[in-house]
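Report on the structure
Single-letter residue listing:
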Number of protein chains: 2
Amino acid sequence: MKKYEEMSREELLKEKAELEARFKEIKEMGLNLNMARGKPEPAQLDMTMDMFDLVNKDTVLEGEDGTDLRNYGVLTGLPEARKLMSEVLECEPDEVIIGGNASLNLMFDCVSRAMSLGVLGGTPWSQVPDRKWLCPVPGYDRHFAITELFGFEMINIPMKEDGPDMDMVEKLVSEDPSIKGIWCVPKYANPTGTTYSDEVVKRFAALKPAASDFRIFWDNAYAVHDLDVEDPDVLLPLLPESKKNGTEDMVYMFTSTSKITFAGAGISAMGASKANIDSIKAQLTIQTIGYNKINQYMHVKYLKDREGVKAHMAKHAAMLKPKFLATDSILREEIAPLGIGKWTLPKGGYFICFYALNGCAKRIVALAKEAGVTLTGAGAPFPYKKDPDDCVIRIAPSYPSVEEMRQATEIFACCVKLASVEKFLAE
Amino acid sequence: MKKYEEMSREELLKEKAELEARFKEIKEMGLNLNMARGKPEPAQLDMTMDMFDLVNKDTVLEGEDGTDLRNYGVLTGLPEARKLMSEVLECEPDEVIIGGNASLNLMFDCVSRAMSLGVLGGTPWSQVPDRKWLCPVPGYDRHFAITELFGFEMINIPMKEDGPDMDMVEKLVSEDPSIKGIWCVPKYANPTGTTYSDEVVKRFAALKPAASDFRIFWDNAYAVHDLDVEDPDVLLPLLPESKKNGTEDMVYMFTSTSKITFAGAGISAMGASKANIDSIKAQLTIQTIGYNKINQYMHVKYLKDREGVKAHMAKHAAMLKPKFLATDSILREEIAPLGIGKWTLPKGGYFICFYALNGCAKRIVALAKEAGVTLTGAGAPFPYKKDPDDCVIRIAPSYPSVEEMRQATEIFACCVKLASVEKFLAE
């Protein structure tokens, strides 16, 4: 097969005609496939249904310390739930707060409270008119939506092979006290699949920000979500590392069981220094009466500990990995030889990141939609939905079956080719 | 029996000596009773345990429209949950948002978002330096804690027989655009037990506030919590009433099932106009991925509709009412003849409000603590915990058993007498 860039105009026109015919055929199939959202497929959720056999009308709903789980009380989470989630977050149980069903809500609350009340006695962020936030890109659209809502100017930080460009991060945070935070997904990052190297984590732990209320929002959403269970990526734990430098107050860590048990009915957790936990707890006591302890209990009984989580996640991996491999294999066959795209095959997480030729991402997503395949919007992995090169497309293989994923990727490949041919012909 | 105010100094001294001897005996019993928190007793929670038999590993967890309850999605709540809670809140289902386990958190979020983002396009409240809030007193300490945290100057509004002093409310809100809200518990109010009269509700619905972003926080926490099931108080629904005046955007209503199913593991709900719901929804989509739909499903299956709720609450009433009656009967016997206190016997809700002689509340609470009976702190039902007359004590009969409540009230009565004798002797 010839690369597109090596083709003559005639060859490109011939290829285009063939692709258009193929595209027409696909459209006539009237498909409706979705590679847009990192949500589990029903069969994956079935794997956790036995959790509901842990509680029935005769169950004694008591915590290990005798707490009546059905009544008021216990603001920061059951001790046993804090212990479980501390093993996921890799910190101490008393450095953990258990939240509701969404870690996103914990992150939102941290920004929201800081806006009105400040962080550890600092000026409320709402009073910092030129407030800024660092955003490693491509990244997670829902992170960027929070800081956009609260009026932060978002600054793109390029992602490298081993994490964000730390030279840039170090320079910016040390110089500008109006930079209040950075969004990070340190393991199997959304969407690049990158796991931050030990060196990157150490440089995060050693940051010397100009703002004393600068916070690293360390969203470890895929902490235990290995696809390659024999040879997973290993992330250096940030909080212990930061303690070595006395920078532990700079760290907010988050995770949840949304993609361990039930998306939307799991439990979330936050990990932070004692000083941060105490301060958040003082505000939380006014915000809520405490989160659902019965759900915490069910999660602890079901998952038990980090080993239990690992065993459960191995079942997920067995279901998810073939979808990633199917996508990879089709892209290798259809796209690689033509020189019109690159992509990641991560050892964990929920996404494949596809890099199209510059200027093609929007067109590919539009074509795919026309052909019955929904993709995450082009631009979504960037602040303000602006991909400067219009080249990144996030592929989410978790929801479709392997067979659907194969079909969807074949259609996707056709769209990539068509958009790329159009690009070369327009040049 | 002679009233204390009619006793001579000698009689008072004799009474004091007898009370002190009795008090010493009580202390030696080493009791530990709690009338402080409006929390259900375990036997009341047992009444709802069969809810957990509604779901097991084979249950098809689907919403009525086919939504997979275990997966992401559905931001404002399952349609069937919105319908159920609309019957409690007395508004339309599309005027309802279902929240997490705490309506307090919904209220906090409304204030918090308004602080940073404003209300329906208004100036963020954080930019209103002299922001103020109206607080009918005595009221609910957790309400006041929210507005204190966010820096509102809180203005006491006296509670009358049929609700807050509306002359004062109308005058203040029409004159001062820095008044942004008012806390209301319109039915079986915490702690007075008052249900707002139709006239008061109509005057609320007809308010003409100077601030276009003024909001009535209508915390209908005891909407279905009748003790006198044959002859309950009936509250005029506020949202329909406000629509008659075109003031519906002024209304935020809240409720939860914390005291219907499980305290801390129920579902909460907010009711508001379409314009408010749309605006909150737009912010909520950034705040969270949506609340726990499985818990919503369980509540709908269990409670079914307003009739189902009513039937369930009649069981609660049968358990709760004897505790209220026991307290009332002891106070009638021990306190009434002495002219040293008044109290409420509400037709619903969770509290008896005791009015001691001015200047005695703190002393009574301290004495009770010494005697092994924990009461809500004196002053708690007031902003900044300052009861101007030091006379209000909130009694919560829900947690102790009838027998414990009898014992606790007898001890309480002894403390009231002792504090009152001391007062007369000091004059």
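Keep in mind the model is a prediction, meaning the values are calculated, not measured. (Residues numbered from 1 in each chain as written. Chains lettered and ligands numbered in written order. Predicted model: local features only at pLDDT ≥ 70, side-chain atom pairs only at ≥ 80, totals over all residues. Heavy atoms only, no water.)

With respect to the overall build of chain A
The condition is simple: Strands here mean DSSP runs of E at least two residues long; helices mean DSSP runs of H or I at least four residues long; both are numbered from the N terminus. As defined in this context, the radius of gyration uses C-alpha atoms, and a globule is described by 2.2 Å times the residue total to the power 0.38. The buried label applies to any residue whose accessible area, calculated with a 1.4 Å probe on protein chains only, is under 20% of its type's maximum; exposed applies above 50%, and partly exposed to all values in between. Exposure was quantified through the Shrake-Rupley algorithm and a 1.4 Å probe, taking into account, for residues, occlusion by the shown protein chains and nothing else. Counted as positive: Lys and Arg. Counted as negative: Asp and Glu, with His and the chain ends omitted from the count. Every charge is mapped onto a representative atom, which is NZ of Lys, CZ of Arg, CG of Asp or CD of Glu.
On a plain count of helices and strands, chain A comes out with 13 helices and 13 strands. Relative to its length of 427 residues, chain A is compact, with a C-alpha radius of gyration of 23 Å against a globular reference of 22 Å. If one aligns the C-alpha atoms of chain A with their principal axes, the spans along those axes are about 75 × 55 × 35 Å. Burial analysis of chain A (427 residues in total) assigns 61% to the buried set. About 15700 Å² of surface is accessible on chain A, with carbon and sulfur atoms providing 50% of the total. With 51 positive and 63 negative side-chain charges, chain A shows a separation of 2 Å between the mean positions of the two kinds.

A look at the packing of helix H11 (residues 306-334) of chain B against helix H13 (residues 402-426) of chain B
Residue and element names in this part refer to chain B. The line we're drawing: Axis angles are defined between N-to-C directions and span 0 to 180 degrees, where every axis is a line fitted to C-alpha atoms and, for a helix, only to the segment in contact. To sort the angles, those under 35 degrees are grouped as roughly parallel, those over 145 as roughly antiparallel, those from 65 to 115 as roughly perpendicular, and the leftovers as oblique. By definition, any crossing whose near helix is turned counterclockwise from its far helix by less than a right angle is left-handed, and any crossing with a clockwise turn is right-handed. In this analysis, two residues are considered to be in contact whenever any of their non-hydrogen atoms come within 4.5 Å of each other. Only Asp, Glu, Lys and Arg are considered charged in this grouping, and only Ala, Val, Leu, Ile, Met, Phe, Trp, Tyr, Cys and Pro are considered nonpolar; every other residue, Gly among them, is considered polar.
Axis separation between H11 and H13 bottoms out at 9 Å; the angle between their running directions is 30°. The orientation of H11 with respect to H13, classified from their angle, is roughly parallel. In this structure, the crossing between H11 and H13 has a hand that is right-handed. Contact with H11, carried on its side by Pro322, Lys323, Ala326, Thr327, Ile330, Leu331 and Glu334, involves Val402, Met405, Arg406, Thr409, Glu410, Phe412, Ala413 and Lys417 of H13 and no other residues of that element. A per-class count over the contact of H11 with H13 returns eight nonpolar, two polar and five charged.

Let's talk about the relation of the copies chain A and chain B
Using the following cut-off: Least-squares fitting of one copy onto the other uses the C-alpha atoms of those residues that reach a pLDDT of at least 70 in both copies.
Aligned on chain B, chain A shows an RMSD of 0.0 Å; the corresponding rotation is 180° and the shift along the axis is 0.0 Å. Taken together, the rotation and translation relating the two chain copies correspond to the operation of a two-fold axis. A high fraction, 100%, of the interface residues of chain A reappear at the interface in chain B, so the copies pair face to face through one surface.

Brief notes about the sheet that holds strand E11 (residues 352-356) of chain B
Residues and elements named next belong to chain B. Put simply, the rule reads: We call two strands paired when DSSP finds no fewer than two bridges between them.
If you trace the three strands from one edge of the open sheet to the other, you get E10-E11-E13, paired in antiparallel fashion. Of all strands in the sheet, those bounded by a partner on one side alone are strand E10 (341-343) and strand E13 (392-395). Adjacent strand axes in the sheet meet at a mean angle of 20° when their direction is disregarded.

As for the pairing of strand E8 (residues 251-256) of chain B
Residue and element names in this part refer to chain B. Using the following cut-off: By convention, orient the strands away from the viewer: a clockwise path from the first strand over the helix to the second makes the crossover right-handed.
In terms of burial, E8 is largely enclosed, as six of its six residues are buried. Across the two faces of E8 the burial is the same, with Val251, Met253 and Thr255 and Tyr252, Phe254 and Ser256 all buried. The sheet contact formed by strand E7 (residues 215-219) and E8 spans four bridges and is parallel. Note that in E8 the partner of Trp218 across the bridge is Met253. Crossover handedness for the path E7 to helix H8 (residues 238-244) to E8: right-handed. Pairing analysis gives five bridges linking E8 to strand E9 (residues 268-272), with the strands arranged antiparallel. By the bridge assignment, Phe254 is partnered in E9 with Met270.

What to know about the pattern of salt bridges
Residue and element names in this part refer to chain A. Where we set the bar: For salt bridges, the criterion is a side-chain nitrogen of Lys or Arg within 4 Å of an Asp or Glu carboxyl oxygen.
Tallying each qualifying case throughout the model produces 58 salt bridges over all chains. Residues Lys417 and Glu334 are paired through a salt bridge, measuring 2.6 Å at the closest nitrogen-oxygen approach. Of this pair, Lys417 sits in helix H13 (residues 402-426) while Glu334 sits in helix H11 (residues 306-334), and the two are 83 residues apart along the sequence. Lys417 sits in the buried class, given a relative accessible area of 12%.

Some points on the sheet that holds strand E10 (residues 341-343) of chain A
Residue and element names in this part refer to chain A. The antiparallel open sheet is built from three strands, whose spatial order is E10-E11-E13. For this open sheet the edge positions go to E10 and strand E13 (392-395), each flanked by a neighbour on one side alone. Taken pair by pair, the neighbouring strands of this sheet meet at an average axis angle of 20°, ignoring direction. Pairing analysis gives three bridges linking E10 to strand E11 (residues 352-356), with the strands arranged antiparallel.

Observations regarding the environment of Pro240(B)
Structurally, Pro240(B) is set in helix H8. A relative accessible area of 35% places Pro240(B) in the partly exposed class.

What about the interface of chain A and chain B?
Worth spelling out the cut-off: Here's the idea: put two parts together, see how much 1.4 Å probe accessible area each one loses, and the total over both is what we call buried area. Contacts described as polar in this section are N or O atom pairs within 3.5 Å, which, within protein, must combine one atom able to donate a hydrogen with one able to accept it, while residues neighboring in sequence count only if both atoms come from side chains.
Facing the 54 residues of chain A at the interface are 54 residues of chain B. Across the interface of chain A and chain B, roughly 4800 Å² is buried in total on both sides, 58% from carbon and sulfur atoms. Broken down residue by residue, the surface that chain A buries against chain B is led by Arg70(A), Tyr72(A) and Ile286(A), which jointly contribute 17%. Counting across the interface, chain A meets chain B through two salt bridges. A salt bridge links Arg70(A) to Asp46(B); the nearest nitrogen and oxygen atoms lie 2.7 Å apart. The interface formed by chain A and chain B holds 21 residue pairs in polar contact (both at pLDDT 80 or more) in total.

Some words on the nonpolar core
Rule in force here: Nine residue types can take part in a nonpolar core, namely buried Ala, Val, Leu, Ile, Met, Phe, Trp, Tyr and Cys, and a core is a set of them joined through side-chain atoms within 4.5 Å.
One finds Phe204(A) and Phe204(B) to be the most contacted residues of the largest nonpolar core, which totals 220 residues. If near-sequence neighbours (up to four positions away) are discounted, Phe204(B) is found in contact with Pro164(B), Met166(B), Val169(B), Ile182(B), Cys184(B), Tyr196(B), Ile216(B), Trp218(B), Leu238(B) and Met250(B).

With respect to the confidence of the model for chain A
Selection criterion: Confidence of the predictor in every single residue is expressed as pLDDT, which spans 0 to 100.
When the pLDDT values of chain A are averaged, the result is 97; 100% of them are 70 or greater. For this predicted complex, the interface confidence score (ipTM) comes to 0.97, while the overall pTM stands at 0.97.

Remarks on helix H7 (residues 198-205) of chain A
Residue and element names in this part refer to chain A. For clarity, the threshold we go by: It is the directions from the helix axis to the C-beta atoms that the arc portrays.
All of the buried residues along H7 are Val200, Val201, Phe204 and Ala205. One side of H7 holds all its buried residues, which, seen down the axis, span an arc of 140°. Looking at the buried residues of H7, the elements they touch are strand E5 (163-164), helix H6 (166-175), strand E6 (179-184), strand E7 (215-219) and helix H8 (238-244).

Some thoughts on unusual backbone geometry
Backbone torsion omega between Val137(A) and Pro138(A) reads -5°, so that peptide bond is classified as cis. Turning to its location among the elements, Pro138(A) is positioned in the loop between strand E3 (132-137) and helix H5 (141-149). At Leu120(B), a residue that is not glycine, the phi angle is positive and equals roughly 45°. By the element assignment, Leu120(B) lies in the loop between helix H4 (103-117) and strand E3 (132-137).

Here we look at the state of the cysteines
One way to say it: the disulfide is the covalent bond shared by the sulfur atoms of two cysteines. Residues and elements named next belong to chain A. To keep things clear, this is the line we draw: By convention in this document, the label disulfide applies to cysteine sulfur atom pairs within 2.5 Å.
Under the criterion given, the structure shown has zero disulfides over all chains. We note that Cys391 lacks a disulfide partner, and the nearest cysteine sulfur, in Cys353, lies 8.1 Å from it. The exposure class assigned to Cys391 is buried, which follows from its relative accessible area of 10%.

Here we look at the environment of Ala426(B)
Looking at the element boundaries, Ala426(B) is found in helix H13. The exposure class assigned to Ala426(B) is exposed, which follows from its relative accessible area of 67%.

Digging into the packing of aromatic side chains
Keep this limit in mind: Aromatic contacts are taken between Phe, Tyr and Trp rings whose centres are within 6.5 Å, Trp giving its six-membered ring; a plane angle under 30 degrees counts as stacked, one over 60 as edge-to-face, and the others as tilted. Lysine and arginine charges are scored as sitting over a ring when NZ or CZ, respectively, is within 6 Å of the ring centre and within 35 degrees of the ring normal.
Going through the model one piece at a time under the given rule, you end up with 38 aromatic pairs over all chains. Taking the centre distance of 5.8 Å and the plane angle of 70° together, the rings of Trp125(B) and Trp133(B) count as edge-to-face. Taken as a pair, Trp125(B) and Trp133(B) share a single burial class, namely buried. Here the aromatic cluster, defined as three or more aromatic residues joined through ring pairs, consists of Trp125(A), Trp133(A), Phe152(A), Trp183(A), Phe217(A), Tyr252(A) and Phe254(A). The side chain of Lys342(A) reaches across the aromatic face of Tyr355(A), ending 5.9 Å from its centre. Against the face of Tyr72(A) rests Arg37(B), its NZ or CZ located 4.7 Å from the ring centre.

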